[in-house]
Every structure is written in structure tokens, then in C-alpha cells.
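Coordinate inspection notes
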Amino acid sequence: KEVIVVPKKTDIFLLKSKFDTLDDAMLLRSQNMHLSFEMRFIKRTIDLIVSILGLIIFAVPMLLVALIVKLQDGGPVFYKQERFKRNNEPFYIYKFRSMTHKQTYEMEQTLATHNDPRITKFGRIIRATRLDELPQLFNVLKGDMTLVGPRPFMKSVVDEAMDKNPDFRYRSNVKPGITGLSHVYGRD
């Protein structure tokens, strides 16, 4: 949607706005905040290059993590969970499993807490170092995710957030990312 603002003196400092007038009122026309086709192409190209390089560079550490996860209890190495990407379409996110593998569906849909008893000893290490998220480079290769963007959430979290704040749906205008503000400014 195009947005037109009738500014106060303090609003004059809006960046990259175009000045316009309607009769004798000054207007500021804000730029579209979506990525252009060219910007999306460049972002996707960078995502592909960095994720391929990342998979090559982290191949040995990923193999070691996979081996330790498998040896700790014999369960599966990877954990996949349905999350939501651009336009609220579902996809499966991949991680190294950091919790016990015998859980009910309801337990899997519950967010982990700091001292969650479901987290394994090695799981605590890979969660703290974020090594559990390296398999998400495969999600980037597939095109479900990008390197930088809002974190993808479970359906239960999306539904609750949209009930509380209808504007939450705008997060789905962009692809979810491996890292974003939640990783930079705090865990949650």
C-alpha cells in the first residue's frame, strides 16, 4: 500500500521521502519498503554462495556433532519441525537434535525453557554455541530460508502472536532467516 503522510515539523526528517503537495499542505510520500526484484536476486545469490561455503567450511564440525548426537542415545541426528516461511507457507526447518528423541507431539510444540529437562547434556553445548542451527544452511539452499531475516516460528506461536497483534502477519512478507534481531539482541 502506498502511504502518504501529512507531516509535522518533526516528521520532516523522514529519510528517503519524496516531497509532494496537496493544495497548500505539504506531504511526504514514503518509499515502498519491499525488496525490488534486483535486491531479491542479489540477496538470493549471496545466500547461495554463503550457504555453500558454510557447508564446506563446517563439514567436519557438522560430522562431529552428528556423530556425538547419534552416540549419546542412538536417536536420530536431525530434528525437523514445521515452521512458517514467506506468506505463512509451511516448511520443515532442520536442526541437530538437542533434546531427547521420545517426545509427544504436544511436547514438541512446547518452547524449550532454560533448564528444560528434555535438553540433553550435549544438546546444551550445541544450543549455547548455536551449532544446532548449522543444518539450516540446507534450508537456505532449498530457498525456504535466508541468512538474515526474522526467525521462523511454530504454528502455535504464530497463532498466539496474531491474536495479540494483527500486525504480526507482516513478518511473513519476507523469508525467515537463520539469524536476525532475536539472535543479535537476545535469545527470545
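For the structure itself, look to the data block above.
In what follows, the accompanying structure is described. (Residues numbered from 1 in each chain as written. Predicted model: local features only at pLDDT ≥ 70, side-chain atom pairs only at ≥ 80, totals over all residues. Heavy atoms only, no water.)

Focus on the pairing of strand E5 (residues 90–96)
- Two strands pair when backbone bridges link them, and strand E4 (residues 78–84) and E5 are joined in this way by seven bridges, in the antiparallel orientation. Directly across from Gln 81, in E5, lies its bridge partner Ile 93.
- Linking E4 to E5, which pair antiparallel, is a turn of five residues; within it Asn 87 sits at a positive phi near 60 degrees. (Pairing = 2+ DSSP bridges. Helix = DSSP H or I, 4+ residues; strand = E, 2+ residues; numbered from the N terminus.)

Quick notes on the nonpolar core
- Ranked by size, the top nonpolar core spans 17 residues in total, and within it Val 65, Phe 96, Ile 126, Leu 137, Met 145 and Ile 178 carry the most contacts.
- Elements with a minimum of two residues in this core: helix H2 (59–73), E5, helix H4 (121–128) and helix H5 (136–142).
- With four residues, H2 is the single largest residue contributor to this core. (Core = buried A, V, L, I, M, F, W, Y, C linked by side-chain atoms within 4.5 Å. Buried < 20%, exposed > 50% of the residue type's maximum accessible area, 1.4 Å probe, protein only.)

Considerations on the pattern of salt bridges
- Within the structure shown, the criterion is met by seven salt bridges.
- Arg 97 is the partner of Asp 73 in a salt bridge, and the nearest nitrogen-oxygen pair spans 2.7 Å. Pair noted here: Asp 73 is in helix H2 and Arg 97 is in the loop between E5 and helix H3 (105–108), with a separation of 24 residues, a long-range link.
- According to the relative accessible area criterion, Asp 73 is partly exposed, its value standing at 32%.
- The salt bridge involving Lys 85 is made with Asp 144; its shortest N-O contact spans 2.9 Å. Pair noted here: Lys 85 is in the loop between E4 and E5 and Asp 144 is in the loop between H5 and strand E6 (146–148), with a separation of 59 residues, a long-range link. Comparing Lys 85 with Asp 144, the two get one shared label, buried.
- Three or more residues are tied together by salt bridges with common partners; here these are Lys 85, Lys 142 and Asp 144. (Salt bridge = Lys/Arg side-chain N within 4 Å of Asp/Glu carboxyl O.)

Description of the packing of H2 against H4
- Between H2 and H4, the least distance of the axes is 10 Å, while the angle of their chain directions is 155 degrees. In this view, H2 runs roughly antiparallel relative to H4, as classed from their interaxial angle. Seen along the crossing, H2 lies across H4 with a hand that is left-handed. Touching Val 65, Ile 68, Val 69 and Gln 72 of H2 are Phe 122, Gly 123 and Ile 126, all from H4.
- Its residues placed into classes, the contact of H2 with H4 shows five nonpolar, two polar and no charged. (Axes fitted to C-alpha atoms, helices over the stretch in contact; angles between N-to-C directions. Parallel < 35°, antiparallel > 145°, perpendicular 65-115°, else oblique. Left-handed = near helix turned anticlockwise from the far one by under 90°. Contact = heavy atoms within 4.5 Å. Nonpolar A, V, L, I, M, F, W, Y, C, P; charged D, E, K, R; others polar.)

Thoughts on the packing of aromatic side chains
- Evaluation of the coordinates by the stated rule reveals two aromatic pairs.
- For the ring pair Phe 78 and Phe 96, a centre distance of 5.3 Å and an interplane angle of 20 degrees mean the geometry is stacked. One end of the pair, Phe 78, is in strand E4; the other, Phe 96, is in strand E5, and 18 residues separate them in sequence.
- For Phe 78, a relative accessible area of 43% gives the class partly exposed.
- Relative accessible area serves as the criterion here: at 2%, Phe 96 is assigned to the buried category.
- The cationic tip of Lys 80 hangs over the ring face of Tyr 92; the distance from NZ or CZ to the ring centre is 4.6 Å. (Phe/Tyr/Trp six-rings, centres within 6.5 Å; stacked < 30°, edge-to-face > 60°. Lys NZ or Arg CZ within 6 Å of the ring centre and 35° of its normal.)

That is the geometry; function is a separate question.
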